[in-house]
Amino acid sequence: MLSTPRLVALTALAAASLAGCNSDNKSNEPSAPPAAFSTPVAFMTDVHFEDVYGDFKTTAYTGIPTADGKNATIRTMYAQLTSTRLFNENYFAFRAALDDAFAKGVRLVALPGDFSDDAQPVNIDGIAAILKEYQAKGMRFFIAPGNHDPNEPYDDDEAGKNDFLTREGKEQKVYATGNAGCKSGDPTVACTDQLKELGYDALIAKLADFGYTPQAADLHWETPFSRYPDGKYSLAEAQKSAAAANRQFELCAEGEGGAYKAAGEAALGKPYTKCSTVMDASYLVEPVKGVWLLSIDANVYLPNARFDPANPKSFKGFDGAGNAGWNKVLTHKRHLMEWIQSVSARAKAQGKQLMAFSHYPTMDFYANQTDAMKAVFKSGAFQTARVPEVATTAAVAATGLRLHIGGHMHFNGTNDLTDASGNYLVNVQSPSLAVYGAAYKIVTYQTADTVDVQTIALNNVPRFKELFPHYETEYKYLQSSAAPADVAKRWNHAVLDTTSYGDFTRFYFGELSRLRFMDEYWPCEMKEAATSLNLAQMLTMTQLQTSVTVSQLKDQTGVVPLTAACYATGTPSGAPAAAGQLAADWATATSKARQLATAAGVDFDAMAKVTAYEFYGDFHRTVYAGELSLRDMGADRVKQYKLLMSAFPAAPVKPVKIGDKLSDQNAVPVAFQDQFKQVFSILKGLGSGKPSGHFVIDFKAKTLTNAESGSPSFN
């Protein structure tokens with residue numbers, strides 16, 4: 001195992017360089033894996049399961065009665081359209097994925113975290129019932145915890161949601177009994193402990209049969225803390241090591257305690273503080289001969305300012321694990337790094353087909369576009385704080401681990417790294433079932449050193465419209481209400497006209513972009529351009545040369561649908577633009593843009609029909625689905641974007657700033673050409689990353705090879 005100095009050395013490997021690969025492909029829906037392959041394993045990440053017909057066990061909120069005698073306990077459509085995950089329709093998507101995998105002959109299914117949406121008893125009992133149903137058919141399930149399961153390491157009896165849908169189309173607050181509203185007897189709150197958020201102990205107990213404890217049929221099972229007498233595996237010893245009391249480690253604010261505390265305190269120069277004993281739910285299992293599934297609990301819940309040494313198991317004393325990820329595993333779960341190295345070495349020595357999975361990515365999940373995204377979008381946009389540091393990725397690679405399947409970001413993608421010592425690590429990002437680009441992965445070893453990865457899209461999901469009549473009631477209520485809060489929550493009824501799950505999630509992501517992402521992520525002047533210009537106007541803007549300034553737009557109306565609202569007021573330095581100057585310059589630029597389109601085989605007039613709403617929706621859909629989004633766009637849209645990517649000036653003029661704002665004395669096209677050249681470069685990178693549809697990993701050659709041909713590409 002790794003010694004403490006060795007672990008420090010791993011962390012220091014920040015200079016490792018990413019292995020280059022420009023291949024790209026598209027996902028399809030293949031038939032069952034070829035018979036020559038070994039045992040296939042399906043990976044279904046970020047299910048975010050909520051039991052849409054769950055029993056809250058309270059008369060205060062029983063849900064919406066349905067014709068078949070059930071009660072729909074669902075969230076509002078508005079809540080879904082403003083969230084980065086669906087809450088309701090993914091219930092049907094999960095069943096569809098399980099049915100599809102079963103039909104393809106897959107019997108082993110891994111769930112790398114966020115299998116529930118906050119680990120409430122109603123939802124954990126609901127997903128456990130479904131897993132048992134499919135288990136009875138011969139499937140087996142292996143869970144890794146995510147930051148939503150659990151939300152905190154210990155039970156939270158104050159949790160709940162304020163946006164469940166009533167039969168009248170209104171919102172209903174439902175909270176656990178420890179919530180302040182329940183304690184005060186607030187009549188607007190329905191109270192039930194079915195909505196409390198479970199910590200590790202209760203959660204693992206309910207899901208023990210799904211990887212967390214050894215089964216009689218397993219050939220091997222262990223945790224990071226297992227110690228088998230004479231190194232010989234036995235079910236009885238495995239069952240002992242599965243007990244919660246035997247899966248604990250000391251977590252402190254500064255790092256992992258226990259055997260690591262003295263060295264850490266010496267390096268820090270002061271004692272560790274806020275220490276508590278926390279469960280690590282990681283395990284290794286060999287369910288069939290030769291296949292090792294390594295479920296890594298990469299949750300790190302850091303003690304916060306509310307941590308109480310006298311009550312170290314209060315959920316309030318810990319931050320959520322969402323932003324910590326593998327960056328904090330290195331410092332706060334050091335035992336895991338040693339264990340992973342041990343497992344990797346043993347797998348290699350014994351010829352095991354090792355598939356490691358955790359909730360969190362082990363490397364850049366933005367197709368290496370993270371730095372570019374930080375440069376052009378708002379600070380903190382696109383959750384870039386969750387991107388693992390280069391040193392973190394290098395440390396994971398140095399353990400000898402070769403294959404990791406992650407989730408958390410709801411993205412489809414692949415990345416790899418070869419470190420200075422020749423260690424090769426591949427991170428496969430399995431997309432969520434609860435967002436646009438919903439899909440799961442089938443991973444199969446072809447040989448000891450080659451792995452086939454297939455991405456199975458969930459475009460068609462039976463029953464996905466089952467709850468739509470309830471949303472109709474919500475829509476009518478919001479339209480009839482004059483209350484400002486209700487008016488603000490009105491949504492586009494067209495989402496209910498969608499005809500497939502793929503179409504529904506595509507529409508949902510357009511609305512999510514409009515209602516949330518554009519405000520949260522895009523700087524003001526970029527948002528205005530992105531929400532105002534169609535693709536033909538954008539192409540014209542790339543060619544526009546004019547002396548007319550942004551401040552003069554108010555006098556040159558009817559030409560460019562932009563304003564000076566986002567700009568700082570500067571001091572004019574030249575004569576006012578002549579009347580009609582912008583119109584003349586725009587006409588010249590339009591002529592150039594049309595010529596570019598013709599030369600590229602693109603219909604310029606068709607570009608004018610691609611609205612701003614479609615553009616920024618496409619951008620965000622590509623962030624999440626990568627190359628999967630290009631097939632959805634279609635060949636014509638891909639060609640249009642490729643034209644835009646190549647049309648900007650080689651070296652755009654840098655806009656002048658006044659403080660943190662752009663000056664309104666910049667010429668009209670300056671900000672657009674500078675900023676959107678970067679935006680389209682990012683879009684190209686996101687849609688032309690390493691293969692993430694159907695591809696083959698060769699660990700010896702250190703390559704990712706596209707297994708599909710003819711896929712659309714931005715290259």
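Look above for the structure.
Rules used throughout
- Residues numbered from 1 in each chain as written.
- Predicted model: local features only at pLDDT ≥ 70, side-chain atom pairs only at ≥ 80, totals over all residues.
- Heavy atoms only, no water.
- Helix = DSSP H or I, 4+ residues; strand = E, 2+ residues; numbered from the N terminus.
- Rg over C-alpha atoms; globule rule 2.2 N^0.38 Å.
- Buried < 20%, exposed > 50% of the residue type's maximum accessible area, 1.4 Å probe, protein only.
- Areas by Shrake-Rupley, 256 points an atom, 1.4 Å probe, with all protein chains shown as cover.
- Lys, Arg positive; Asp, Glu negative; His and termini not counted.
- Charge placed at Lys NZ, Arg CZ, Asp CG, Glu CD.
- Expected span 1.5 Å × (residues − 1).
- Bend = angle between axes of the 7 residues up to and from the residue.
- Disulfide = S-S within 2.5 Å.
- Contact = heavy atoms within 4.5 Å.
- Polar contact = N/O pair within 3.5 Å; in protein donor to acceptor, adjacent residues only side chain to side chain.
- Phe/Tyr/Trp six-rings, centres within 6.5 Å; stacked < 30°, edge-to-face > 60°.
- Lys NZ or Arg CZ within 6 Å of the ring centre and 35° of its normal.

1. Topic: the overall build of the protein chain
Here's step 1: Summing up its helical and strand segments, the protein chain has 24 helices and 23 strands in all.
Here's step 2: In terms of overall size, the protein chain behaves like a compact globule, its C-alpha atoms giving a radius of gyration of 27 Å where 715 residues would be expected to give roughly 27 Å.
Here's step 3: Over its C-alpha atoms, taken along the principal directions, the protein chain stretches across nearly 90 × 65 × 60 Å.
Here's step 4: The buried share of the protein chain, taken over its 715 residues, is 61%.
Here's step 5: Carbon and sulfur atoms make up 51% of the accessible area of the protein chain, which totals about 26,200 Å².
Here's step 6: Distance between charge centroids for the protein chain: 3 Å, based on 67 positive and 75 negative side chains.

2. Here's the deal with helix α24 (residues 670-687)
Here's step 1: Taking 1.5 Å of rise per residue, the 18 residues of α24 would be expected to cover 26 Å, and the 26 Å separating its terminal C-alpha atoms lies within 8% of that figure.
Here's step 2: Considering bend angle alone, the principal kink of α24 is centred on Phe-676 and spans about 25°.
Here's step 3: Of all 18 residues that make up α24, 14 are buried, and the element is covered over most of its length.

3. Focus: the state of the cysteines
Here's step 1: The tally for this structure, following the rule as stated, stands at 3 disulfides.
Here's step 2: Note that Cys-182 is cross-linked by a disulfide to Cys-191, the S-S spacing being 2.1 Å. Since a negative S-S torsion denotes a left-handed disulfide, the Cys-182-Cys-191 link at about -110° is left-handed.
Here's step 3: Classification of Cys-182 as buried rests on a relative accessible area of 16%.
Here's step 4: Between Cys-524 and Cys-566 runs a disulfide, and the two sulfur atoms are separated by 1.9 Å. The disulfide joining Cys-524 to Cys-566 has a torsion of about -60° about its S-S bond and is therefore left-handed. Of this pair, Cys-524 sits in helix α17 (residues 524-530) while Cys-566 sits in the loop between α18 (535-543) and α19 (581-599), and the two are 42 residues apart along the sequence.

4. Digging into helix α10 (residues 325-332)
Here's step 1: Among the 8 residues in α10, 6 count as buried, and that is most of the element.
Here's step 2: Gly-325, Trp-326, Asn-327, Val-329, Leu-330 and His-332 are the residues of α10 that are buried.

5. Digging into the environment of Asp-55
Here's step 1: Among the structural elements, Asp-55 can be located in the loop between β1 (41-43) and β2 (64-65).
Here's step 2: The exposure class of Asp-55 is exposed, given its relative accessible area of 51%.
Here's step 3: It is 8.2 Å that separates the C-alpha atoms of Asp-55 and Gln-194, two residues lying 139 residues apart in sequence.
Here's step 4: Ignoring sequence-local partners within four residues, the contact set of Asp-55 consists of Val-122 and Gln-194.
Here's step 5: Engagement of the side chain of Asp-55 in a polar contact is seen with the backbone nitrogen of Lys-57, the distance being 2.8 Å.

6. Some remarks on the environment of Val-638
Here's step 1: One can find Val-638 in helix α23 (residues 635-647).
Here's step 2: The spacing of Val-638 and Leu-478 is 160 residues in sequence and 37 Å in space, taken between C-alpha atoms.
Here's step 3: The residues touching Val-638, leaving out its near neighbours within four places in the chain, are Leu-630, Met-633, Pro-712, Ser-713 and Phe-714.

7. Concerning the packing of aromatic side chains
Here's step 1: This structure, assessed with the given rule, holds 50 aromatic pairs.
Here's step 2: Taken together, a centroid distance of 6.1 Å and an interplanar angle of 50° make the contact between Phe-464 and Phe-504 tilted. On the criterion of sequence distance, the pair formed by Phe-464 in the loop between β19 (450-457) and α14 (468-480) and Phe-504 in helix α16 (residues 501-521) is long-range, its members being 40 residues apart. Each member of the pair Phe-464 and Phe-504 is classed as buried.
Here's step 3: Positioned above the aromatic ring of Phe-87 is the side chain of Arg-75, whose terminal nitrogen or guanidinium carbon lies 3.8 Å from the ring centre.
Here's step 4: Sitting over the ring of Tyr-436, Arg-621 keeps its end group 5.9 Å from the ring centre.

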